[in-house]
Amino acid sequence: MKKQAKKHTNDVILESATSFITFVIFLFAVYLFFAGHYTPGGGFIGGLVTASALVLILLAYDIKTLRRILPFDYKWITALGMLIAVLTASGALLFNVPFFTHAHDYFTLPLFGKTSLHTAMLFDLGVYLVVVGVTMTIIQTIGESE
Amino acid sequence: MSVMHGAILLPILISLFIPLLAKRLPNIHTGWFVLVVPVLLVSYFSHFLPGTMSGETFTARMPWIPSLGIDFVTYLDGLGLLFALLITGIGSLVVLYSIFYLDAKKESLGTFYVYLLMFMTAMLGVVLSDNMIVLYLFWELTSISSFLLIAYWYERERSRYGAQKSMLITVFGGLAMLGGIAILSTLSGSLSIRETYASLESIQGEPFFTVALVLFLLAAFTKSAQFPFHIWLPDAMEAPTPVSAYLHSATMVKAGLYLVARFSPIFADESLWFYLVSSVGIFTLFWGSLNAVKQHDLKGILAYSTISQLGLIMSLLGLGAAALHVDALDDGLYTIATVAAIFHLINHATFKGSLFMMAGIVDHETGTRDIRKLGGLAQLMPISMTIAMIGTLSMAGIPPFNGFLSKEMFLTGVLEVAGSDLFHLPSYGWIIPVLAVVGSIFTFVYSILIVRRTFFGKRQDDKLPKTPHEAPIGMLIPPLVLVSLVVIIGLFPNILSDTLIRPAVEAILPQVVDAGGKIDVHITMWHGFQPEFFLTLLIFTVGFILYKTLPRWQSLYNRMPRAVSLNHQYDALLRRGEQTSTKIHDTVMTGYMRSYLIYIFGFIVILILTALYGFDAFRFAVDPISSIHAYEIILALVLVSSALSITFARSRLTSIILLGVTGYTVALFFVLFRAPDLALTQLVIETVSVALFLLVFYHLPEISRKEERIPFKLGNALISALVGLTVTLVALASLSQRSFTSIAKYYIDNVADLAAGGNMVNVILVDFRGFDTLFEIAVLALAGIGIYTMIKFRQTGGIDK
């Protein structure tokens, strides 16, 4: 407890910058995630960038603030990610094609226009969640262990 | 995916929802929901009966790993259907029984039924798969689910011991089978059982063919608890009684018999098959029945009795192989052993299932299964007594019950083969009938023992933990159904002969069918005054005398020294293994990160340098090297100097920052060489890991200033220099020569067409090599959970919260 009091720096510039920058990073992460199939990015990088945004909050404020903003149990997020990944891969079996066969097609969606939708994207979502979940589980556990 | 695939996978899919049901509806016994599954399946599988009776087979294919020839192909013929009906039929009764046996308030039912349903899928998969790898997977799943079920009351030490024992022995057999599959599929070029059978002519003479045969038999013998692998079955009785009735008498232990039957068409031509299967089987029959008599636990007696009955069926399957070695196929004499095997398999499931349930009832209502404490329960539990009487009389082979019929046929088969001039048997062929008769005599003795000691004689209420009374009706229905089958089959055995037995025998002996041989399945109660009849009389008489004089000779059992017993050997083997591994572990795993790094880097250097030397790859060309820019030299200098500085850093903070510099410089290299994905990943990883380092920074102790000895430092320097040199050599060598064409071309050509993607790296990650990614995130998730547990564990001082 004593240690924590000493650690808390009450740095106004860092805190206010963080509250803005976090959003930018987070949006960038979302962009990276969706861009993945055509340009650099994807679930893994997107997940890591998201985690880094959360780490920034953690460094600027403290673990309690982070928990108040995002009240998740990150172990569950990891599990959810694994589940999505496995289910996406096994979903192919229902259509009598081998495990992990992806499907894609083009759809015309409102606002977006002609868009291609992939089941690979769903798998990537699983990867994304696992990466965020694991990174945050580790960081949070270490952060709490003082 | 076909309906049959769905039927196989249905139990395991339903099992996903069981924990939810158990939690949401605690007032309804979870077993009622589970009961629906086997009942549905048994009615589904019965639909195939008319088809298999006319010799039809049903297949469905689901592609799984087509590139390796591994597809989930289901194949249903007479043999598969017989087993599927046993699994689902007995399964329904066992689930019904378990509803009354397991207390919803005291037991964790969710766990129990999840394991049970998992087991059901595993068993159905074993008996309905045509692909050997798929068969193997389901086979091991039966071992795993059986392990979980035996250890269901895991707080008991005996349960854990029994579970471990069964797992070690049956998985050992499974691995042997995997070896057999590898050999067989290499020889025949196919993983399909039917295709292997079709290409039999070309592979039969191969030298490794008999090795595969032995490996397959190891799997069958371990699973079906044949001597000397039978030692796991009595310990498996620590499982709840419904499990014993289901797995350890009716289904899983019969998987070994199934395997022998299923692979008979492939292997039975070899005389080694005939010798091994029949001799191991007959000796197991003898050994199991001999040991059953000395047990005091009701379930213990039944366990040894199961071992001996499995030995009986096994030996019959072996003797049946003789049918392939005689020219006179049409007289149907040699096929009688196989017919008897299948018939006894069905009979055994009915009477042994009911007996296990009876033992469970006695245990449930009196609190003990020790026959030294029981006695005189006949007045209190008349229905249970009736069940026990019919079951044991059938087991002992007394007319008019079904066990009598199959035992007669067993004796016929034994005499038939022993008397023939096959395989030079006459010289020592007499051993087979002698062991068979001795085994049957002891079977008779322990059968009397079960009923007599439990239900007759003096009541000893003071020794019983509970006041005995008759079981609730729900618990009695399943064994009553089974014993009525015992009686019905005993009186009208021929209702089975064309429906279940003949199709199954035809599947085991396709050679006979192909040669136009006729498989005669006509079971009669009375054969006339044949040798079998006199043998039966002999068994009854000697058995009765032995039973009467039991107290006088029972002490003989204690004469056998403990040190030579198989159980003792097993324990000693386990202990020695543990000691050796501790010794190795203590020398290798020092607990210092640096030791592990020394191993890792040392091995990398040795392996790669040897490989480079072995392939004569130390040839370096200078011309493909492009010109080097000034900024690349600068970056390289920064990289090298930061890496070198780390080794001289005096504080942790400096090391962390210098490490960060190294990482970012590498990322810059990625940018220069146009690998945006890698650069992006590297940058983010660096950032997050530096942040992580800073977080843990507070917890770490100061770098110890203890000076290491100079030789140690020199050793480290040598290893790091070698690692650097190796990597450089690999880089130069791979630049100078190309042994293989680059795989990149394939990806470049196919990214857009096959995966409709633009970013090759990402498409490889999620599509072309999606499996890698799936397992990588699994490893990541495990690592995360590992760190979480370790830190939490340390915080709570090692107390599980």
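Residues numbered from 1 in each chain as written. Chains lettered and ligands numbered in written order. Predicted model: local features only at pLDDT ≥ 70, side-chain atom pairs only at ≥ 80, totals over all residues. Heavy atoms only, no water.

Caption draft 1: Spatial organisation of the overall build of chain B. In terms of helices and strands, chain B carries 34 helices and two strands. C-alpha atoms of chain B, sized along the principal axes, occupy 105 × 65 × 50 Å. Relative to its full complement of 801 residues, chain B shows a buried share of 51%. The long-range fraction of contacts in chain B, counting pairs at least 24 apart against all pairs at least 6 apart in sequence, stands at 79%. With an accessible surface of roughly 36,700 Å², chain B has 68% of that area assigned to carbon and sulfur atoms. Here chain B holds 50 positive side-chain charges and 51 negative ones, and the gap between their average locations is 14 Å. (Helix = DSSP H or I, 4+ residues; strand = E, 2+ residues; numbered from the N terminus. Buried < 20%, exposed > 50% of the residue type's maximum accessible area, 1.4 Å probe, protein only. Contact = heavy atoms within 4.5 Å. Areas by Shrake-Rupley, 256 points an atom, 1.4 Å probe, with all protein chains shown as cover. Lys, Arg positive; Asp, Glu negative; His and termini not counted. Charge placed at Lys NZ, Arg CZ, Asp CG, Glu CD.)

Caption draft 2: How the structure looks around the overall build of chain A. A count of helices and strands for chain A gives six helices and two strands. In sequence order, the secondary structure elements of chain A are arranged as α-α-α-α-α-β-β-α. Per-residue burial for chain A yields a buried fraction of 45% across its 146 residues. In chain A, once contacts between residues fewer than 6 apart in sequence are set aside, the share between residues at least 24 apart is 62%.

Caption draft 3: Region of interest: the side chain of Asn-347 of chain B. All names here are of chain B. Along the chain, Asn-347 falls in helix α17 (residues 336-366). Judged by relative accessible area, Asn-347 falls into the buried class, the value being 0%. Asn-347 has contacts with Asn-402, Gly-403, Ser-406 and Ile-489, leaving out every residue within four places of it along the chain.

Caption draft 4: Here's a closer look at the packing of helix α3 (residues 31-46) of chain B against helix α5 (residues 78-101) of chain B. All names here are of chain B. Across the interface, α3 lies against α5 with an axial gap of 9 Å and an inter-helix angle of 160 degrees. Accordingly, the angle class assigned to the pair α3 and α5 is roughly antiparallel. With respect to the hand of their crossing, α3 and α5 are arranged in left-handed fashion. Residues Gly-31, Trp-32, Val-34, Leu-35, Pro-38, Val-39, Leu-41, Val-42, Phe-45 and Ser-46 of α3 lie in contact with α5, whose contacting residues are Leu-81, Ala-84, Leu-85, Thr-88, Gly-89, Gly-91, Ser-92, Val-95, Leu-96, Ile-99 and Phe-100. Its residues assigned to classes, the contact of α3 with α5 comprises 15 nonpolar, six polar and no charged. (Axes fitted to C-alpha atoms, helices over the stretch in contact; angles between N-to-C directions. Parallel < 35°, antiparallel > 145°, perpendicular 65-115°, else oblique. Left-handed = near helix turned anticlockwise from the far one by under 90°. Nonpolar A, V, L, I, M, F, W, Y, C, P; charged D, E, K, R; others polar.)

Caption draft 5: Geometry of the interface of chain A and chain B. Each side of the interface is counted separately: chain A has 51 residues, and chain B has 45 residues. The contact between chain A and chain B buries some 4,200 Å² in all, and 76% of this surface belongs to carbon and sulfur atoms. Joining chain A to chain B, the criterion identifies zero salt bridges. Secondary structure elements with two or more residues in the side of chain A that touches chain B: α1 (2-7), α3 (43-60), α5 (74-94), β1 (104-109) and α6 (119-144) of chain A. If one sorts the elements of the side of chain A that touches chain B by residue count, α6 of chain A sits on top with 14 residues. Partitioned by chemical class, the residues of the side of chain A that touches chain B number 29 nonpolar, 16 polar and six charged. (Buried area = accessible area lost by both parts, 1.4 Å probe. Salt bridge = Lys/Arg side-chain N within 4 Å of Asp/Glu carboxyl O.)

Caption draft 6: Spotlight on helix α14 (residues 255-267) of chain B. All names here are of chain B. The terminal C-alpha atoms of α14, which comprises 13 residues, lie 17 Å apart, in line with the 18 Å expected from a rise of 1.5 Å per residue. At Ala-261, α14 is bent by approximately 25 degrees, the largest bend along its length, and proline Pro-265 sits one to four residues beyond. Burial within α14 is extensive, with 13 of its 13 residues counted as buried. (Expected span 1.5 Å × (residues − 1). Bend = angle between axes of the 7 residues up to and from the residue.)

Caption draft 7: Spatial organisation of the confidence of the model for chain B. Per-residue pLDDT for chain B averages 84, and the proportion of residues at 70 or more is 95%. Scored by ipTM, the complex comes to 0.87, with pTM at 0.80. (pLDDT = per-residue confidence, 0-100.)

Caption draft 8: Spatial organisation of the nonpolar core. Grouped together as the largest cluster of nonpolar side chains are 206 residues, with contacts concentrated most on Phe-45, Phe-263, Phe-267, Trp-273 and Ile-501 of chain B. Of all the elements, α17 of chain B adds the most residues to this core, at 17 residues. Dropping the residues within four chain positions of it, Phe-263 of chain B is found in contact with Met-132, Leu-135, Leu-184, Ile-193, Phe-216, Ala-268 and Trp-273 of chain B. One finds Leu-93, Ala-120 and Val-130 of chain A together with Leu-680 of chain B within the second-largest nonpolar core, a separate group that totals 28 residues. (Core = buried A, V, L, I, M, F, W, Y, C linked by side-chain atoms within 4.5 Å.)

Caption draft 9: Inspection of the pairing of strand β1 (residues 58-65) of chain B at higher detail. Residue and element names in this part refer to chain B. In this structure, β1 lies alongside strand β2 (residues 70-76), joined through seven bridges in antiparallel fashion. What sits directly across from Ala-60, in β2, is Thr-74. Counted between consecutive antiparallel strands, the loop separating β1 from β2 contains four residues, among which Gly-69 sits at a positive phi close to 75 degrees. (Pairing = 2+ DSSP bridges.)

Caption draft 10: Quick peek at α3 of chain A. For α3 of chain A, which comprises 18 residues, the first-to-last C-alpha distance of 26 Å matches the rise-based estimate of 26 Å (1.5 Å per residue) to within 8%. Within α3 of chain A, 15 of the 18 residues are buried, which leaves the element mostly enclosed by the surrounding structure.

Caption draft 11: Here's a closer look at unusual backbone geometry. Residues and elements named next belong to chain B. With an omega of 0 degrees, the peptide bond running from Phe-227 to Pro-228 counts as cis. In this fold, Pro-228 is placed in the loop between α11 (209-223) and α12 (232-235). Of note, Ala-225 is a non-glycine position whose phi angle comes to about 55 degrees, a positive value. For Ala-225, the position within the fold is in the loop between α11 and α12. With relative accessibility at 0%, the residue Ala-225 sits in the buried group. The phi dihedral of Arg-674 is positive, around 60 degrees, even though this residue is not glycine. Here Arg-674 lies in the loop between α29 (652-672) and α30 (676-697).

Caption draft 12: Spotlight on the pattern of salt bridges. Residue and element names in this part refer to chain B. What the rule picks out here adds up to 13 salt bridges over all chains. Ionic pairing is found between Arg-502 and Glu-506, a salt bridge with its closest N-O pair at 3.1 Å. Of this pair, Arg-502 and Glu-506 both sit in helix α22 (residues 494-508), four residues apart, which is roughly one turn of the helix. Because the salt bridges share partners, they merge into one network encompassing Arg-158, Lys-165 and Asp-235.

Caption draft 13: Spatial organisation of the environment of Ala-341 of chain B. Residues and elements named next belong to chain B. Along the chain, Ala-341 turns up in helix α17. Here the alpha-carbon distance between Ala-341 and Ile-633, two residues 292 residues apart in the chain, equals 80 Å. The contacts of Ala-341, once residues within four sequence positions are left out, are Ile-313, Leu-316 and Leu-317.

Caption draft 14: Quick peek at the packing of helix α16 (residues 298-320) of chain B against helix α20 (residues 431-455) of chain B. Residues and elements named next belong to chain B. Between α16 and α20, the least distance of the axes is 11 Å, while the angle of their chain directions is 155 degrees. Taken as axis vectors, α16 and α20 run roughly antiparallel relative to one another. The way α16 lies across α20 gives a crossing that is left-handed. Counted together, Leu-298, Ile-301, Leu-302, Ser-305, Ser-308, Gln-309 and Leu-319 of α16 and Ile-432, Thr-443, Tyr-446, Ile-450 and Thr-454 of α20 form the full contact between these two elements. Among the residues making up the contact of α16 with α20, the classes are represented as seven nonpolar, five polar and no charged.

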